[in-house]
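This is what each chain is made of:
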Amino acid sequence: MNLASLSGDQQSNLLFVNFNQDCSSLAVGTKTGYKLFSLNSVEKLDSIYEQDCEDISIVERLFSSSLVAIVSLSSPRKLEVCHFKKGTEICNYSYSNSILAVKLNRQRLIVCLEESLYIHNIRDMKVLHTIRDTPPNPNGLCALAISNDNCYLAYPGSNQIGEVQIFDTINLRAVTMIPAHDNPLAALAFSHQGNKLATASEKGTVIRVFSVPDGQKLFEFRRGVKRCVSINSLGFSTDALFLCASSNTETVHIFKLDINMKDKMAKPQEESQGWMGYFNQALKTSANYLPTPVTEMFNQGRSFATARLPNSGLRNVCALSLIQKIPRLLVASQDGYLYIYNIDPNEGGECTLIRQHRLDGQPGESHPPDSTAHDRPLAQPGLSYSGATRRDISTGGTPAESQPYQELEQGAVGGEDADLGRLRLDDDNEFPPMTHKSD
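Everything quoted here is computed from the prediction, not taken from an experiment.

A. Summary view of the sheet that holds strand β28 (residues 349–350). Taken in spatial order, the 5 strands of this open sheet run β21-β22-β23-β24-β28, and their pairing is mixed. The open sheet terminates on both sides in strands that have one partner only, identified here as β21 (231–236) and β28.

B. Structural detail: the pairing of strand β17 (residues 185–190). By the criterion of burial, β17 is predominantly enclosed, with 5 of the 6 residues buried. The antiparallel pairing of β17 with strand β18 (residues 196–201) creates a hairpin that spans 5 residues between the two strands, and Gly194 there sits at a positive phi of about 75 degrees.

C. Representation of the nonpolar core within the structure. Tyr34, Leu79, Tyr95, Ile99, Val102 and Leu109 are the most contacted members of the largest nonpolar core, which totals 35 residues. Where this core is concerned, the elements lending two or more residues are β3 (33–38), β5 (56–61), β6 (67–72), β7 (78–83), β8 (88–94), β9 (101–104) and β10 (108–112). Looking at this core element by element, the count peaks at 5 residues for β6. Filtering out sequence-adjacent residues up to four positions away, Leu79 remains in contact with Ala69, Ile70, Val71, Cys91, Asn92, Tyr93, Tyr95, Ile99, Val102, Leu109 and Val111. Phe19, Cys23, Val317 and Ala319 belong to the second-largest nonpolar core, a separate cluster that totals 21 residues.

D. Just the confidence of the model for the protein, in detail. Across the protein, the average pLDDT comes to 81, with 71% of residues at or above 70. pLDDT under 50 marks residues 264–272. Its contacts with residues more than four places away, or in other chains, come to 8 contacts.

E. Layout of the packing of aromatic side chains. As enumerated under the stated definition, the model contains 8 aromatic pairs in all. Between Tyr34 and Tyr49 the ring centres are 5.7 Å apart and the planes differ by 45 degrees, which places this aromatic pair in the tilted class. Note that Tyr34 is positioned in strand β3 and Tyr49 in strand β4 (residues 46–52), a separation of 15 residues in sequence. For the residue pair Tyr34 and Tyr49, the accessibility class agrees, reading buried in each case.

F. Just the environment of Asn105, in detail. Assignment of secondary structure puts Asn105 in the loop between β9 and β10. Separated by 39 residues in sequence, Asn105 and Leu144 have C-alpha atoms that sit 7.5 Å apart. Polar contacts involving the side chain of Asn105 include one to the main-chain amide nitrogen of Gln107, which spans 2.8 Å. A distance of 2.6 Å separates the side chain of Asn105 from the backbone nitrogen of Arg108, its partner in a polar contact.

G. View of the sheet that holds β8. Read from one edge of the open sheet, 5 strands run β5-β6-β7-β8-β30, paired in antiparallel fashion. A single partner strand is all that each edge strand has here, and the edge strands are β5 and β30 (413–414). Pairing of β6 with β7 involves 4 bridges; the strand directions are antiparallel. Its bridge partner lying in β7, Ala69 is registered against Val81.

H. Quick peek at the pairing of strand β11 (residues 116–121). Of all 6 residues in β11, 6 are buried, a share of seventy percent or more. The alternating pattern of β11 places Ser116, Tyr118 and His120 and Leu117, Ile119 and Asn121 on opposite faces, both of which are buried. As paired strands, β10 and β11 are joined by 5 bridges and run antiparallel to one another. From the neighbouring strand, Ile110 faces β11, where its bridge partner is Ile119. Counting the residues between successive antiparallel strands, the hairpin from β10 to β11 contains 3 residues. The pairing of β11 with strand β12 (residues 127–132) spans 5 bridges and is antiparallel. In the strand pairing of β12, His120 is matched with Val127.

What counts, and where the lines are drawn
Residues numbered from 1 in each chain as written. Predicted model: local features only at pLDDT ≥ 70, side-chain atom pairs only at ≥ 80, totals over all residues. Heavy atoms only, no water. Pairing = 2+ DSSP bridges. Helix = DSSP H or I, 4+ residues; strand = E, 2+ residues; numbered from the N terminus. Buried < 20%, exposed > 50% of the residue type's maximum accessible area, 1.4 Å probe, protein only. Core = buried A, V, L, I, M, F, W, Y, C linked by side-chain atoms within 4.5 Å. Contact = heavy atoms within 4.5 Å. pLDDT = per-residue confidence, 0-100. Phe/Tyr/Trp six-rings, centres within 6.5 Å; stacked < 30°, edge-to-face > 60°. Polar contact = N/O pair within 3.5 Å; in protein donor to acceptor, adjacent residues only side chain to side chain.

Shown next as structure tokens:
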């Protein structure tokens, strides 16, 4: 979540905040540098690293490695890739326009400008491909799947309607276009497996989930009916059975991607006798004569659980994670706080705020007024939201071979003098598996 464009905000020192790919850490960019926090505990935020430097408007960490990608307000066209534990710069690139977003996974690094996208090979940081002349994308909206098997990039295909372009970053080819919404896109998010994509438009009332790469619509959820609601972020749980959505209202919604419910809605059922059977049959019959938007409302799912933020009208970013084997909703807000909620994965309902932590270095760390709130373990300890926790969220194996690097006539400049020795991280378990160039 980039806050640098929000002028006049005096609530906090934040310029940027975002979770890493597996929600194990949080990166915070401020007017005086950047910080990395561990998310392994609810009770406290452990500081991993803190750098006092210029104003940092983007800072993205690669999983739990020492590799971070940084952009500053004073040099908005320059990307620095650093090894924060060693305090060294791996390489830097300069682009033709301001960098609006950076996305990382174990194989690719994506740099998003307003009208172009650069795809780097994360093994040697070379530019592999450039997607040019994209529709104006002033918010830098894009999403990169973190799966090695489904390494897709999603970005707006239009600034007039909600078209989503899906691009294969391994084979470097366009895959499909998904006509997701009638209005321009506001948020995109891939599932951890990379086979589902959640979308929301600027209207903000309907959230849809599509299968990737075929673009088939799987689910449709109604967030609300209010007008002028801005969806700030979307986030899947690790098992892709829950989806959270935050907006500029005080309510964060959690939807359940219930396959059984979807099948029930798709297949005709024998109606039960009595009043309810008659009522359901009447609804089905009347739906044939109602306008299409009204009929669609009957078929849209509602939120499974909700959480209430202390403030409304602020930008925020949300995520679903297992912390200490318990499902949590995490919301990092423009007001400078990280809010942590407990979720009941069986019953849903109102989520309990159990902790809040200050992020921007300003004094004052507070806790929710309800000190009696306790953690509620899952029905089967050690399992995920759905009952099957996957600790490794992406498949292993060596990255696929990239296409040959082609010299660009314009755009990204830099990286020629990169010290490739520094690309080797100091932990064999860290990613990416960097290699030296022999030529």
